[in-house]
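Understanding the architecture of this molecule
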Amino acid sequence: SIAWYPTLDRIDEGQSLVIAHRGDTTAAVENTIEALEAAAANGADLVEFDVQQTSDGDWVVMHDFELTRLTGSPGAVADMTLAEATALTVRANGFEGAVPSMREWIRRAVELGQPLLVEIKPHGGETDDYLERFFAILDEEGAMPLSIFHSLSDDVVDGQKAMRPEAFVGEILALNIGGMPE
């Protein structure tokens, strides 16, 4: 918070983007189709969402590695198949929804014409070809032109840039002391 105001003051040129983090969480549970739809309806410039690879190599939209916070039950996305993960119900702030597959989320975003900010959340159990599988869904659904990417993982960022040099990929720095890394 100490660096927040001077940084924004330096970069603000009077134009800002509204990024709906995990969708519109005032209207639905984070990272659900309903949160995406609400964000789009409210004019978000980008909708940020998180994806994790399931044990069968597919992708699900979920932020947390452990499912307890939103499902009330223990478990991890890394240990579930796509069918198991998408059968879950998530609850927060009086809302309820289903865990969507990445394909479902992307397909709905394309239908809405909603630009996306996609974050891969690597849990360590990804397949060797996880980025190929990730980009295949975006390509098949026609979402690459609507998508930019970011991650906390150097490996994910480097892999995305190597595989898709034309893509806009940013690295999230959880804590920055002493300046930006090259």
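For the structure, see preceding data.
Residues numbered from 1 in each chain as written. Predicted model: local features only at pLDDT ≥ 70, side-chain atom pairs only at ≥ 80, totals over all residues. Heavy atoms only, no water.

**Considerations on the overall build of the protein**
Along the backbone of the protein there are 7 helices and 8 strands. A total of 182 residues make up the protein; the buried ones form 42% of that total. Considering only residue pairs separated by 6 or more positions, the protein has 60% of its internal contacts joining residues 24 or more positions apart. (Helix = DSSP H or I, 4+ residues; strand = E, 2+ residues; numbered from the N terminus. Buried < 20%, exposed > 50% of the residue type's maximum accessible area, 1.4 Å probe, protein only. Contact = heavy atoms within 4.5 Å.)

**So, the pairing of strand β7 (residues 147–151)**
Within β7, 4 of the 5 residues are buried, leaving the element largely enclosed by the surrounding structure. Note that strand β6 (residues 116–120) and β7 share 4 bridges and pair parallel. Of the residues in β7, the one forming a bridge with L117 is I148. Since β6 and β7 lie parallel, the crossover through helix α6 (residues 130–140) that links them has a hand, and here it is right-handed. Across 3 bridges, β7 lies against strand β8 (residues 169–171) in parallel orientation. (Pairing = 2+ DSSP bridges. Right-handed = clockwise from strand over helix to strand, strands pointing away.)

**Concerning unusual backbone geometry**
One non-glycine residue, R22, lies in positive phi territory at about 65°. With respect to the helices and strands, the residue R22 is situated in the loop between β1 (19–21) and α2 (33–41). With relative accessibility at 14%, the residue R22 sits in the buried group. One non-glycine residue, N93, adopts positive backbone phi at about 50°.

**A short note on empty space enclosed by the protein**
The probe, sized like a water molecule, is rolled over the atoms to show the empty space still left. What the rule picks out here adds up to 1 cavity of 30 Å³ or more. Computed from the structure, the largest cavity encloses a volume of approximately 40 Å³. Every residue lining the largest cavity is listed: E30, N31, T32, V61, M62, H63, L70, V90, V99 and P100. Its residues assigned to classes, the lining of the largest cavity comprises 6 nonpolar, 3 polar and 1 charged. (1 Å grid on protein atoms, 1.4 Å probe; cavity = no way out; pocket = protein on both sides within 12 Å on 5 of 7 lines; lining within 4 Å. Points joined across faces, edges and corners; volume = space filled by probe spheres on them. Nonpolar A, V, L, I, M, F, W, Y, C, P; charged D, E, K, R; others polar.)

**Here's the deal with the environment of D58**
Take D58: it is sitting in the loop between β2 (46–53) and β3 (59–61). A sequence separation of 76 residues divides D58 from F134, and the C-alpha atoms of the two residues are 8.3 Å apart. When residues no more than four places from it in sequence are discounted, the contact partners of D58 are Q52, Q53, L82 and I137.

**Examining the pattern of salt bridges**
Note that side chains of opposite charge can pair when their charged atoms are close. A full pass over the atoms with the stated rule returns 13 salt bridges. Its salt-bridge partner being R107, residue E141 comes within 2.7 Å of it at the nearest N-O pair. Remark: R107 occurs in helix α5 (residues 102–112) and E141 occurs in the loop between α6 and β7; sequence separation between them is 34 residues. Judged by its relative accessible area of 14%, E141 is buried. By relative accessible area, R107 is classed as partly exposed at 40%. Each of R22, E30, D50, D64 and R69 takes part in salt bridges that share partners, so that together they form one network. (Salt bridge = Lys/Arg side-chain N within 4 Å of Asp/Glu carboxyl O.)

**Some words on the pairing of β2**
The side chains of a regular strand alternate between both faces of the sheet. Along β2, 8 of the 8 residues are buried, which leaves the element largely enclosed by surrounding structure. When β1 meets β2, the two strands line up parallel, connected through 3 bridges. Counted as the bridge partner of H21 is E48 from β2. Direction of pairing for β2 relative to β6: parallel, over a ladder of 5 bridges. Across the sheet, the residue bridging to D50 is E119, located in β6. In this sheet, β3 lies alongside β2 in antiparallel orientation, the contact comprising 3 bridges. Looking at the pairing, Q52 lines up with V60 of β3. Between β2 and β3, which pair antiparallel in sequence order, lie 5 residues; one of them, G57, sits at a positive phi of approximately 85°.

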